[in-house]
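Here is what each chain is made of, one letter per residue.
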Amino acid sequence: MELTPPNFLLQAEALERRIVENHRRMQDVKSKIRILRSGYNGEKTIKYYLEQIPEHKYHIFYGLRLPIGNTYFQIDTLLLSKKLILILDAKNHSGTLRFEKNQLIHEHAGNRDVYENPVAQVNRHKILLRHLFEKNKIPPIPIGNFVTVCKPSTEIIINQGYQEAAQKVIRAYDILKKIDELEERYTEKKLNQKTFNQVINLLKTQHTPQKIDILNFFQITEDELITGVQCPRCSYIPMDYKRSKWICNACILFSKDAHLNGINDYFLLIKSSFSNPEIRTFLHLPSSRSTTSFLPKLNFPHTGTKRGRIYHQPTFPFFTNHVFPPKNKQ
């Protein structure tokens, strides 16, 4: 599983684009974006070091969210081989991190925040992963786990006598060293090829991306959203649709497919399907015919026929890239 931006982050960024700057929840949205983006940047730091490992050694899973009972647990990064499994939890805080047995204290810029001890968290993830394997009759395999502090400038303080944290809290640049130590310790293959493939398939099929009702999360109504197509160059909303092109009245940019970003925002903020009238209203298209002219070209999955057709969110990514300025500005 490749590392991709968390869907919650994409939703929050879409919401930031679609509410007025002085909206009562704008600061909450911006704060959530900062937290989610920091976590994602930490995971990218881990990925940078893991990419230096020979590809044949491990299967790497990013952002696994696995079911256990009636709930889920999420693992930032999981490395799988036939000899061992490694769980990595990324912490990308600035300032000072103080690890105590019952809590993590983060101090930065005069602020002091208290969180769950991430060492306890990765230990819990290790136990839950074992339960998942036992339930699916996977033979025992060694599981290592570390809390990875991603910013070199972050000060790490571990309470005196807290030996477990001293062993499990590491710097991102020490990941390769820790993996080498584990490989020297665990040399016996615990999984044959058939079982190894079974584990890979289990992790992929059990992975359940989190779905957030972003408007409900921030207590924002659909009526408060700024609708229309956003200019991919200057961010002005709404662009005008004329003669099969989108035109920005602010920077005079022309685009053939700027509506793709608008459709993506619709999927992120409202729901995972739409009818012709629903997307026409959201994008500010002038007529049903103008909408019908490009919807079939998108090859989105759909159900129903004619006026009853419903288009569904595709699994493949789609991007806006056909933009061009006019020959003569007027």
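Numbering of residues begins from 1 in every chain and follows the order in which that chain's sequence is written. Reporting in this predicted model follows two pLDDT cut-offs: at least 70 for local features of residues, and 80 or more for side-chain atom pairs to be given and counted; totals over whole chains, interfaces and linings ignore these cut-offs and use all residues. The basis for every side-chain value is the complete set of non-hydrogen atoms in the structure, without hydrogens or water.

Peer 1: Got a minute to help me understand the nonpolar core in this structure?
Peer 2: Nonpolar side chains in soluble globular proteins tend to be buried together. Counting residues in hydrophobic clusters, the biggest one holds 36 residues, and the most contacted among them are Leu15, Leu50, Leu79, Leu86, Leu88 and Ile179. Broken down by element, this core gets its largest block of residues, seven residues, from helix α2 (residues 26-50). Any two residues having at least one pair of non-hydrogen atoms within 4.5 Å are treated as being in contact. For Leu15, the contacting residues outside a window of four places in its chain are Val29, Ile214, Leu215, Phe218, Ile220, Leu225 and Leu269. As used in this record, nonpolar core signifies buried Ala, Val, Leu, Ile, Met, Phe, Trp, Tyr and Cys residues forming a set joined through side-chain atoms within 4.5 Å. Burial here depends on accessible area, computed with a 1.4 Å probe over protein chains only, as a share of the maximum for the residue type. Under 20% is buried, over 50% is exposed, and the range in between is partly exposed. One finds Trp246, Cys248, Tyr266 and Phe294 within the second-largest nonpolar core, a separate group that totals 23 residues. Counting from the N terminus, the helices are the DSSP runs of H or I reaching at least four residues and the strands are the DSSP runs of E reaching at least two.

Peer 1: What is the right way to look at the sheet that holds strand β4 (residues 96-100) in this model?
Peer 2: Strand order in the open sheet formed by four strands is β6-β5-β4-β8, and the pairing between neighbours is mixed. Two strands lie at the open edges of the sheet, namely β6 (111-115) and β8 (155-158), each paired on one side alone. Geometrically, the sheet is characterised by an average inter-axis angle of 20° between neighbouring strands, direction not taken into account. With four bridges joining them, β4 and β8 adopt parallel strand pairing. Considered in β8, the bridge of Phe99 is made with Ile158. Being paired, for any two strands, means DSSP has found at least two bridges between them. A fitted line through C-alpha atoms serves as each axis, taken over the contacting stretch for helices, and the angle formed by two N-to-C directions is quoted from 0 to 180°.

Peer 1: Teacher, can you tell me more about α2 here?
Peer 2: The span you would expect from a helix comes to 1.5 Å times its residue count less one. For α2, which comprises 25 residues, the first-to-last C-alpha distance of 36 Å matches the rise-based estimate of 36 Å (1.5 Å per residue) to within 8%. Residues of α2 that are buried sit in contact with α1 (7-17), β1 (59-68), β2 (71-80), β3 (85-91), β7 (143-149) and α5 (175-185).

Peer 1: Please explain the pairing of β1 as it appears in this structure.
Peer 2: One face of the sheet, then the other: side chains in a regular strand alternate in exactly this way. Of the pairings in the sheet, the one linking β1 to β2 comprises nine bridges and is antiparallel in character. Bridging from a neighbouring strand, Leu66 pairs with Phe73 of β2. Remark: two residues form the turn of the hairpin made by β1 and β2, two consecutive strands paired antiparallel; Gly69 in that turn has positive phi of roughly 65°.

Peer 1: Please clarify how the state of the cysteines should be interpreted in this entry.
Peer 2: In protein structure, a disulfide is the covalent linkage between the sulfur atoms of two cysteines. Sulfur atoms of two cysteines make up a disulfide when they are within 2.5 Å. Under the defined criterion, the tally for this structure stands at zero disulfides. Its sulfur unpaired, Cys248 is 3.5 Å from the next cysteine sulfur, which belongs to Cys234.

Peer 1: Can you help me understand the pairing of β4 in this one?
Peer 2: Counting buried residues along β4, four of its five residues qualify, which places the element largely inside the surrounding structure. Here five bridges tie β4 to strand β5 (residues 103-108), and the two strands are oriented antiparallel to one another. When the sheet's bridge partners are listed, Glu100 is paired in β5 with Gln103. Here β4 hands over to β5 after two residues, the two strands then running antiparallel side by side.

Peer 1: Even after reading the chapter, I still don't get the sheet that holds β7, so can you show me in this structure?
Peer 2: The strands making up a sheet are joined through hydrogen bonds of the backbone, oriented either antiparallel or parallel. With respect to topology, five strands assemble into an open sheet ordered β1-β2-β3-β7-β9, the strand pairing being mixed. Because the sheet does not close on itself, it has two edges, and the strands there are β1 and β9 (169-171). Along the sheet, successive strands turn relative to each other by an average axial angle of 40°, direction set aside.

Peer 1: What is the right way to look at the side chain of Thr154 in this model?
Peer 2: Here Thr154 is to be found in the loop between β7 and β8. In protein, a polar contact requires one atom able to donate a hydrogen and another able to accept it; more generally it is a pair of N or O atoms within 3.5 Å, and residues adjacent in sequence count only if both atoms are side-chain atoms. There is a polar contact of 2.4 Å between the side chain of Thr154 and the backbone oxygen of His93. Discounting residues that sit within four places of it in the chain, Thr154 has contacts with His93, Ser94, Gly95, Leu97, Val149 and Arg171.

Peer 1: Where do I start with the pattern of salt bridges in this structure?
Peer 2: Pairs may arise between side chains of opposite charge once their charged atoms sit close together. Counted as salt bridges are all cases of a side-chain nitrogen of Lys or Arg within 4 Å of a carboxyl oxygen of Asp or Glu. Under the defined criterion, the tally for this structure stands at 17 salt bridges. Across the pair Asp265 and Arg18 runs a salt bridge whose closest N-O atoms are separated by 3.1 Å. Taken together, the residues span a long stretch of sequence, with Asp265 in helix α8 (residues 259-269) and Arg18 in the loop between α1 and α2 at a distance of 247 residues.

Peer 1: How do you make sense of the packing of aromatic side chains when you look at a structure like this?
Peer 2: Each pair of aromatic rings is reported with the distance of its centres and the angle of its planes. Any pair of Phe, Tyr and Trp rings, taking the six-membered ring for Trp, is counted once the centres come within 6.5 Å. Such a pair is stacked with planes under 30 degrees apart, edge-to-face with planes over 60 apart, and tilted for the rest. Across all of its chains, the model carries 10 aromatic pairs by this definition. With 5.7 Å between their ring centres and 25° between their planes, Phe274 and Tyr311 make a pair best called stacked. Here the residue Phe274 occupies a position in strand β13 (residues 273-275), and Tyr311 occupies one in strand β15 (residues 310-312), the gap between them amounting to 37 residues. Comparing Phe274 with Tyr311, the two get one shared label, buried.

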